[in-house]
Amino acid sequence: MIKGSLPALVTPFKNGELDLVTLKKLVEWHIAEGSTGLVPVGTTGESPTLSHAEHQKVIEVVVETAAGRVPVVAGAGSNNTAEGISLMQHAEKVGATAALVVTPYYNRPTQAGLIAHFTALHDCCNLPIIIYNIPARSVVDMLPETMGQLAKLPRIIGVKDATAKIDRVSLQRISCGKDFIQLSGEDGTALGFNAQGGVGCISVTANVAPRLCAEFQAATLAGDYVKALEYQDRLMPLHEAIFLEPGLVGAKYGLSLLGLCSEDVRLPLVGLTDGTKARIKSAMQHAGLI
């Protein structure tokens, strides 16, 4: 089962181009540090500014490098259903474990539109789907009742929930069933999320602190919330600091302090302010990372 700590991988750049050598090194590092899955080309992977060819190449490289050691949940979301189908079919072709599919952004579909969109993607191939519900970005919220309807489809297996509404876990257990995989998409509330019945987190912070995030998740899944709270105390300043500005920019800066990745991001995103850099560095020191 897909569970535990799954970094929402950054996409490394060098001189504006994909840095596939660094990407492979990051995959190896994450696996060695205990990450239980990898999620390439989501928001943190700068999917909005990748070409289709780049998007596909990143998934191919991550799947090939992971070589079946951990699940690879490939970003395959779009606000264009036909484009989403193409991304799904490519991810299946290259051997991804599952697809992460965001609710269509900007279009603002109704709940009926969400059901039609996800059903079309479900039916286009045999790849399992993790729904990504993030109303703050997509401006549409998939309600638990809607998710329950989609959960009846055999290959819609779970959700990345970034609503930060802890009660959603319990509501979705009722509507989708106890075996429906619920993953947090919000680092700061992942502790409470798992206490309600979640089984993991697709994490931005795990880019920078994969071992701590993996051990934190393992503690919650073992029911050791005393130990998990100790990890939370170490990680919470970093969760906050990384998201003072767009999280992927913070994650890349943190990785640069570890000597693992450049800070380069693509427009319209830009590098961090000095104040945010100082906060991230301090939080990494607090966590014992540097």
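Read on for a plain summary of the structure. Each residue is numbered by its place in its chain's sequence as written, counting from 1. Only residues with pLDDT of at least 70 are given local features in this predicted model, and only at 80 or more are side-chain atom pairs given and counted; all residues enter the totals for whole chains, interfaces and linings. Derived side-chain values reflect all non-hydrogen atoms in the structure, with water molecules and hydrogen atoms excluded from consideration.

Section: the layout of surface pockets
Now for step 1: Definitions used for this entry: grid spacing 1 Å over protein atoms alone; cavity, a set of points where a 1.4 Å probe fits but cannot get out; pocket, an open set with protein on both sides within 12 Å along at least 5 of 7 lines; lining residue, one with an atom within 4 Å of a point. Grid points are joined across faces, edges and corners, and a volume is the space filled by probe spheres set on the points. A volume near 960 Å³ is recorded for the largest pocket.
Now for step 2: Gly 42, Thr 43, Thr 44, Pro 48 and Arg 137 are the residues nearest the centre of the largest pocket, which is lined by 41 residues in total.
Now for step 3: Numbered from the N terminus, helices here are DSSP runs of H or I no shorter than four residues, and strands are runs of E no shorter than two. Counting only elements with at least two residues in the lining of the largest pocket, the list comes to helix 2 (52-66), helix 3 (81-94), strand 5 (98-102), helix 5 (135-138) and helix 11 (247-257).
Now for step 4: The biggest single contributor to the lining of the largest pocket is helix 5, with three residues.
Now for step 5: Gly counts as polar in this scheme, as do all residues outside two lists: the nonpolar Ala, Val, Leu, Ile, Met, Phe, Trp, Tyr, Cys and Pro, and the charged Asp, Glu, Lys and Arg. Grouping the constituent residues of the lining of the largest pocket by class yields 21 nonpolar, 14 polar and six charged.

Some details on the side chain of Thr 220
Now for step 1: As for its position among the elements, Thr 220 is in helix 9 (residues 210-221).
Now for step 2: Note on exposure labels: buried denotes an accessible area under 20% of the residue type's maximum, exposed denotes more than 50%, and partly exposed covers the range between, all computed with a 1.4 Å probe on protein chains only. A residue is classified by how much of its surface remains accessible, and Thr 220, at 5% relative accessible area, is buried.
Now for step 3: Here a polar contact means two N or O atoms within 3.5 Å. Within protein one must be a hydrogen donor candidate and the other an acceptor candidate, and residues neighboring in sequence count only if both atoms are side-chain atoms. A distance of 2.8 Å separates the side chain of Thr 220 from the backbone oxygen of Gln 217, its partner in a polar contact.
Now for step 4: We call two residues contacting when some pair of their heavy atoms lies within 4.5 Å. The residues touching Thr 220, leaving out its near neighbours within four places in the chain, are Leu 191, Asn 194, Tyr 225 and Ala 228.

Regarding the nonpolar core
Now for step 1: Of all hydrophobic cores here, the largest spans 41 residues; its most connected members are Val 62, Met 88, Phe 118 and Ile 131.
Now for step 2: For this core, the secondary structure elements donating two or more residues are helix 1 (20-33), helix 2, helix 3, strand 5, helix 4 (111-123), strand 6 (129-133), helix 6 (144-150) and strand 7 (156-161).
Now for step 3: With six residues, helix 2 is the largest single contributor of residues to this core.
Now for step 4: In this view, Phe 118 contacts Val 101, Val 102, Thr 103, Pro 104, Ile 129, Ile 131, Met 142, Leu 150 and Ile 156; residues no more than four positions away in its chain are not counted.
Now for step 5: By size, the runner-up hydrophobic cluster in this structure holds 32 residues, among which are Leu 26, Ala 228, Ile 242 and Leu 248. The criterion is simple. A nonpolar core is a set of buried Ala, Val, Leu, Ile, Met, Phe, Trp, Tyr and Cys residues joined through side-chain atoms within 4.5 Å.

Comments concerning helix 10 (residues 225-242)
Now for step 1: Helix span is expected to be 1.5 Å times the residue number reduced by one. Taking 1.5 Å of rise per residue, the 18 residues of helix 10 would be expected to cover 26 Å, and the 24 Å separating its terminal C-alpha atoms lies within 8% of that figure.
Now for step 2: Bend, at a single residue, is the angle you get between axes fitted to the 7 residues ending at that residue and the 7 residues starting at it. Residue Leu 235 marks the point of greatest curvature in helix 10, where the axis turns by about 40°; the proline Pro 237 follows within four residues.
Now for step 3: Along helix 10, the residues classified as buried are Ala 228, Tyr 231, Gln 232, Leu 235, Leu 238, His 239, Ala 241 and Ile 242.
Now for step 4: Packed against the buried residues of helix 10 are helix 8 (190-195), helix 9, helix 11 and helix 12 (274-287).

Focus on the packing of helix 11 against helix 12
Now for step 1: Between N-to-C directions, angles span 0 to 180 degrees; the directions come from axes that are lines fitted to C-alpha atoms, helices contributing only their stretch in contact. Two numbers describe how helix 11 lies on helix 12: the axes approach to 10 Å, and their chain directions differ by 60°. In terms of axis orientation, helix 11 runs oblique to helix 12. Crossing angle aside, the handedness with which helix 11 passes helix 12 is right-handed. Seen from helix 11, the contacting residues are Gly 250, Tyr 253, Gly 254 and Leu 257; seen from helix 12, they are Lys 277, Ile 280, Lys 281 and Met 284.
Now for step 2: Tallied by class, residues from the contact of helix 11 with helix 12 come to four nonpolar, two polar and two charged. These descriptions rest on fixed angle ranges, namely under 35 degrees for roughly parallel, over 145 for roughly antiparallel, 65 to 115 for roughly perpendicular, and the rest for oblique. Put simply, a crossing is left-handed when the front helix is turned counterclockwise from the back one by less than a right angle, and right-handed when it is turned clockwise.

Here's the deal with the pattern of salt bridges
Now for step 1: We define a salt bridge as a side-chain nitrogen of Lys or Arg found within 4 Å of a carboxyl oxygen belonging to Asp or Glu. Counted under the stated rule, the structure contains six salt bridges.
Now for step 2: Between Arg 69 and Glu 28 there is a salt bridge, with its nearest N and O atoms 3.0 Å apart. With a gap of 41 residues between them, Arg 69 in the loop between helix 2 and strand 4 (73-75) and Glu 28 in helix 1 connect regions that are remote in the sequence.
Now for step 3: According to the relative accessible area criterion, Arg 69 is partly exposed, its value standing at 43%.

Things to note about helix 1
Now for step 1: Between its terminal C-alpha atoms helix 1 stretches 20 Å, which fits the 20 Å expected from 14 residues at 1.5 Å a residue.
Now for step 2: On its buried side, helix 1 packs onto strand 1 (4-7), helix 2, helix 9 and helix 11.
Now for step 3: Directly after helix 1, the chain includes Gly 34, whose backbone phi takes a positive value near 105°.

A look at unusual backbone geometry
Now for step 1: With an omega dihedral of 15°, the bond running from Leu 267 to Pro 268 counts as a cis peptide bond.
Now for step 2: Locating Pro 268 in the fold gives a position in the loop between helix 11 and helix 12.
Now for step 3: Positive phi values are uncommon outside glycine, yet Val 41 reaches one of about 50°.
Now for step 4: Residue Val 41 is classed as buried on the basis of its relative accessible area of 2%.
Now for step 5: Positioned with a positive phi, Glu 46 is a non-glycine residue whose angle comes to about 60°.
Now for step 6: Tracing the backbone through its elements, the reader meets Glu 46 in the loop between helix 1 and helix 2.

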